[in-house]
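# A look at the structure
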Amino acid sequence: MSLHEDAVLVLKGYEGQPELRDAYLEHLAAHPDGVYKPCRAGHVTGSALVIDPERERVLLTLHKKLGMWLQMGGHCEPGDATLADAALREAREESGIASGLSLLPGGPVRLDRHPIPAPCNWHLDVQYAALAPAGAEAEISEESLDLRWFPYAEVAAVADASVVRLLEATLARL
């Protein structure tokens, strides 16, 4: 199964946000390359909110290009077999937590479509949550300016509404 086919199956099985889900499916139907960065009409991305439920905190990265506190995530790559693989790979790479991260069961937590500068135009983000192992040590990557654990209650003060909605949906699923 290709990554494109996996994305279609994942989205068809996702029961939340029906209008946005349908827009993602329409995009993938019109663009066979719609999961990869070169698709100029926009492309599917995978992200994961790294969460430590025991200590009631989340790990956010200060994005180098955007200057915003965000969840880990990014573009799908040819080596990614599934969207979940892409999200987990990005979470590992950007958090520096090399082992022990696991995606919260149940598939994607949310979808978030946001504009980005040309030539790409749109990110169709499929958002997961990744559970951090006990005692996880985060290490900043070259993709971010900073990496920090934030208590749940502080996220709204540092991050945008999409991250806050992702945290709320994640906590509802825990």
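Residues numbered from 1 in each chain as written. Predicted model: local features only at pLDDT ≥ 70, side-chain atom pairs only at ≥ 80, totals over all residues. Heavy atoms only, no water.

## Quick look at the overall build of the protein
The criterion, for reference: The way it works is that DSSP assigns letters per residue, a run of H or I at least four long becomes a helix, a run of E at least two long becomes a strand, and they are numbered from the N terminus. Between the two quantities, the radius of gyration covers C-alpha atoms and the globule rule is 2.2 Å times the number of residues to the power 0.38. Any residue under 20% of the maximum accessible area for its type is buried, any over 50% is exposed, and the rest in between are partly exposed; the area is computed with a 1.4 Å probe on protein chains only. We call two residues in contact whenever any of their non-hydrogen atoms come within 4.5 Å of each other. Here the open area of atoms and residues is found with the Shrake-Rupley method and a 1.4 Å probe, where only the protein chains shown may cover a residue. The charged-residue count follows a simple rule in which Lys and Arg add positive charge and Asp and Glu add negative charge, with His and chain termini not counted at all. For charged residues, the charge sits on one atom: NZ in Lys, CZ in Arg, CG in Asp, CD in Glu.
The helix and strand tally for the protein stands at 5 helices and 8 strands. Against the globule reference of 16 Å for 174 residues, the protein gives a C-alpha radius of gyration of 15 Å, in line with a compact fold. With the principal axes as the frame, the protein shows a C-alpha extent of 45 × 30 × 30 Å. Per-residue burial over the protein gives 47% buried out of 174 residues. Pairs at least 24 apart in sequence give 66% of the contacts found in the protein among residues at least 6 apart. For the protein, the computed accessible surface area is about 8500 Å², with 54% contributed by carbon and sulfur atoms. For the protein, the distance from the average position of its 15 positive side-chain charges to the average position of its 26 negative side-chain charges is 3 Å.

## Section: the packing of helix H1 (residues 3-13) against helix H2 (residues 18-30)
Counted only if it meets this: The convention used is that axes are lines fitted to C-alpha atoms, helices contributing only their stretch in contact, and that angles between N-to-C directions extend from 0 to 180 degrees. Angles below 35 degrees are treated as roughly parallel, those above 145 as roughly antiparallel, those between 65 and 115 as roughly perpendicular, and all remaining angles as oblique. Each crossing gets its handedness from the near helix: less than a right angle anticlockwise from the far helix is left-handed, clockwise is right-handed. The nonpolar class holds Ala, Val, Leu, Ile, Met, Phe, Trp, Tyr, Cys and Pro. Asp, Glu, Lys and Arg form the charged class, and all remaining residues, Gly among them, are polar.
Close contact between H1 and H2 brings their axes to 10 Å; oriented N to C, the two are set at 160 degrees. As summarised for this structure, H1 and H2 are arranged roughly antiparallel, according to the angle between their axes. In this structure, H1 meets H2 at a crossing whose hand is left-handed. Contacts from His4, Ala7, Val8, Leu11 and Lys12 of H1 reach H2 at Arg21, Tyr24, Leu25 and Leu28. A class-by-class count of the residues in the contact of H1 with H2 yields 6 nonpolar, 1 polar and 2 charged.

## What about the environment of histidine 43?
Quick note on the threshold: We define a polar contact as two N or O atoms separated by no more than 3.5 Å, with the added condition that, inside protein, one atom must be a possible hydrogen donor and the other a possible acceptor, whereas residues neighbouring each other in sequence contribute only through side-chain atom pairs.
Residue placement: histidine 43 occurs in strand E1 (residues 43-52). The class of histidine 43 is buried, set by a relative accessible area of 0%. The spacing of histidine 43 and leucine 124 is 81 residues in sequence and 5.8 Å in space, taken between C-alpha atoms. Leaving out residues up to four positions away in the same chain, histidine 43 has contacts with His27, Gly34, Val35, Tyr36, Lys37, His75, Ile116, Cys120, Trp122, His123 and Leu124. At a separation of 3.5 Å, a polar atom in the side chain of histidine 43 contacts the main-chain carbonyl oxygen of cysteine 39. Among the polar contacts listed, one links the side chain of histidine 43 to the side chain of histidine 123, at a separation of 3.3 Å.

## Considerations on the environment of arginine 113
Here arginine 113 lies in strand E6 (residues 110-115). Distance from arginine 113 to glutamine 17, taken between C-alpha atoms, is 11 Å for residues 96 residues apart in sequence. What arginine 113 contacts, discounting residues up to four positions off in sequence, is Leu20, Tyr24, Trp122, His123 and Leu124.

## Examining helix H5 (residues 161-173)
Note the cut-off: A helix is expected to reach a length of 1.5 Å times the quantity of its residues less one.
Taking 1.5 Å of rise per residue, the 13 residues of H5 would be expected to cover 18 Å, and the 18 Å separating its terminal C-alpha atoms lies within 8% of that figure. Listed as buried for H5 are Ser162, Val163, Val164, Leu166, Leu167 and Thr170. At its buried positions, H5 is contacted by E1, strand E2 (57-63), strand E3 (69-70), E6, strand E7 (122-131) and helix H4 (155-158).

## As for the environment of alanine 48
Relative to the elements of secondary structure, alanine 48 occurs in strand E1. Taking the C-alpha atoms as reference points, alanine 48 and alanine 87, 39 residues apart in sequence, are found 5.6 Å from one another. When neighbours within four sequence positions are excluded, alanine 48 is seen to be in contact with Gln71, Met72, Ala87, Ala91, Leu103, Tyr128 and Ala130.

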